[in-house]
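Listed here are the chains, written in short residue letters.
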Amino acid sequence: MNRGRRVDDIPPDIGIPQTSSIYPQLGRPVGSSSTITLTPIEKIQGHRYLLLNCPVVKPYIDEFRAFIKRKNRARRPSATEIEKIVTKEFATWFPQRVTNLDITNSIPEEIKFLAKGPMPHAKRYTAYNINGFKFRTVDRDKGLKTQNNGVFLTSNTLCVASSVDANVQQADLPYYGKLEDIIELNYYGLFKVVLFKCKWADTTRERGFRKDAWQFTSVNFSRCIHTGEREEHDPYIEASQAQLVYYVDDEVNKGWSVVVHMKPRDLYDMGQIPIPPLGSTSHAPTQQPHDIPPKAKRPKSGVAFSAPTRVSQIPIPPLGSTSHAPTQQPHGSFLINSFIVKDC
C-alpha cells in the first residue's frame with residue numbers, strides 16, 4: 001500500500017503539458033496568493049539572478065565576457081571588474097544579442113522570452129512546498145510553534161582573493177538565510193519561476209559564520225549580505241535550490257544561532273547493510289518478527305530520534321529455579337542510538 005506524501009509538493013498543474021524545458025513547473029504553493037507590482041529593483045534583481053544562473057544562458061555570458069575583454073583591451077580589466085560589468089550590464093546586452101538579425105531565426109522562443117524579462121506583475125505567496133519541505137516566510141511563522149523559514153543552499157560561486165586578483169576560482173560556498181518573501185515571476189505566460197527572497201547571513205567572513213570544535217555550524221544574522229537595498233545585491237534564489245534548516249538561539253553567544261539541517265519527511269536513513277564479498281556463501285541473518293524494533297515517534301520539535309534496536313533476547317529462568325541467566329555480553333545488549341546535546 002502506498003502512503004501519501006507528508007508534504008505535497010506536486011505541482012497543481014501536473015496534468016497540463018509543460019510549455020518550458022528551461023523552467024518546468026516545480027513545487028506547490030500553499031494557501032492563496034496575492035498579485036503585486038514589482039518595484040524596478042525587484043524586477044532587476046530577480047530577472048538577473050535567473051539569467052546568470054541559467055545553464056542555457058552560460059554560452060552567452062562567456063561571449064559577453066570575451067566582448068568586455070576586447071572592448072577594454074588597452075587597460076586589461078581585472079577578473080573582479082569583468083564580473084561587476086557582467087552583473088550590471090549583461091541583462092541589457094542579452095536581449096540585443098538574441099534579437100540580432102544575423103542569429104535571431106536560430107534562437108529558441110524560450111530564450112527570447114527569457115531575454116525579454118518578466119511581466120511587471122507577479123504573484124506573492126507566504127508558504128510553498130518544494131523538495132519535500134514546507135517553507136513559510138518569517139512573517140507567517142510568527143506565533144507558530146514550528147519553524148519553517150530557514151533556508152540553506154550550496155552555490156558554486158566565482159571567487160577571487162582580492163579586487164586586483166586576476167585568478168578567478170570557483171568554489172562551493174554554503175549560504176544560510178531566513179525566508180522573507182516568495183514571488184512568482186511570469187514570463188508572458190510561456191513559463192513561470194518561483195523565487196525565494198532571503199535575509200542572508202555573511203558566510204564569507206567569521207563575523208557571520210563559524211564552526212566549533214564539535215563541527216556545529218553557527219551563523220549570525222546581525223550583519224547580513226545581499227539585503228536587497230542596492231541594485232547589485234542578490235537576495236533571490238530559485239525555490240528549487242532551497243533546503244530546509246532551522247536555527248536554535250545560542251544562549252551563551254548572543255546573536256548567534258546554531259544550524260540544524262533537516263531531511264524531507266519521506267526520506268528515511270536506513271543505515272548501512274553489510275555486503276558479503278563476491279563468491280561468499282554467507283548471508284546476513286534473517287531478522288525475526290520479535291526482533292523488529294518499535295516504530296519511533298517523531299517529536300513535534302521536528303528532530304527525529306531512532307528507536308532502540310533489539311539485538312537478542314535474554315533467557316529468563318522459571319520462578320523458583322536456582323539457575324541463573326548467563327551474564328549478558330555487550331553484543332547481546334540493547335543498542336541505543338545515542339546523541340550529544342551541546343550545552344549552549
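Below you will find a few notes about this structure. (Residues numbered from 1 in each chain as written. Predicted model: local features only at pLDDT ≥ 70, side-chain atom pairs only at ≥ 80, totals over all residues. Heavy atoms only, no water.)

1. Observations concerning helix 3 (residues 79–98)
So, step 1. The largest bend in helix 3 is about 60 degrees, located at glutamate 89.
So, step 2. Buried within helix 3 are the following residues: Ala79, Thr80, Ile82, Ile85, Val86, Phe90, Trp93, Phe94 and Val98.
So, step 3. In the core, the buried residues of helix 3 are packed alongside helix 1 (40–52), helix 2 (58–71) and helix 4 (109–116). (Bend = angle between axes of the 7 residues up to and from the residue. Helix = DSSP H or I, 4+ residues; strand = E, 2+ residues; numbered from the N terminus. Buried < 20%, exposed > 50% of the residue type's maximum accessible area, 1.4 Å probe, protein only. Contact = heavy atoms within 4.5 Å.)

2. As for the nonpolar core
So, step 1. Tyr23, Val57, Tyr60, Phe90, Phe94, Leu114 and Leu185 are the most contacted members of the largest nonpolar core, which totals 31 residues.
So, step 2. Contributions of two or more residues to this core are made by helix 1, helix 2, helix 3, helix 4, strand 7 (169–186) and strand 8 (192–201).
So, step 3. Among the elements that line this core, the one with the most residues is helix 3, at seven residues.
So, step 4. Excluding residues that lie within four positions of it along the chain, phenylalanine 90 makes contacts with Leu51, Leu52, Val57, Tyr60, Ile61, Phe64 and Ile85.
So, step 5. Membership of the second largest hydrophobic core comes to 22 residues, among which are Phe133, Phe196, Ile237 and Leu244. (Core = buried A, V, L, I, M, F, W, Y, C linked by side-chain atoms within 4.5 Å.)

3. A closer look at the packing of helix 2 against helix 3
So, step 1. Two elements in contact, helix 2 and helix 3, have axes separated by 9 Å at closest approach and are oriented at 115 degrees. On the basis of the axis angle, helix 2 is roughly perpendicular to helix 3. For the pair helix 2 and helix 3, the crossing hand works out as right-handed. In this structure, helix 2 contributes Tyr60, Ile61, Glu63, Phe64, Arg65, Phe67, Ile68 and Lys69 to the contact, and helix 3 contributes Ile82, Glu83, Ile85, Val86, Glu89, Phe90, Trp93, Phe94, Arg97 and Val98. (Axes fitted to C-alpha atoms, helices over the stretch in contact; angles between N-to-C directions. Parallel < 35°, antiparallel > 145°, perpendicular 65-115°, else oblique. Left-handed = near helix turned anticlockwise from the far one by under 90°.)

4. Quick notes on the pairing of strand 5 (residues 133–136)
So, step 1. Pairing of strand 4 (residues 127–130) with strand 5 involves four bridges; the strand directions are antiparallel. Residue pairing in the sheet places asparagine 129 in a bridge with lysine 134 of strand 5.
So, step 2. Taking the residues between adjacent antiparallel strands as the criterion, strand 4 and strand 5 are bridged by two residues, where asparagine 131 takes a positive phi near 60 degrees. (Pairing = 2+ DSSP bridges.)

None of the figures reported here should be taken as evidence of function without further support.
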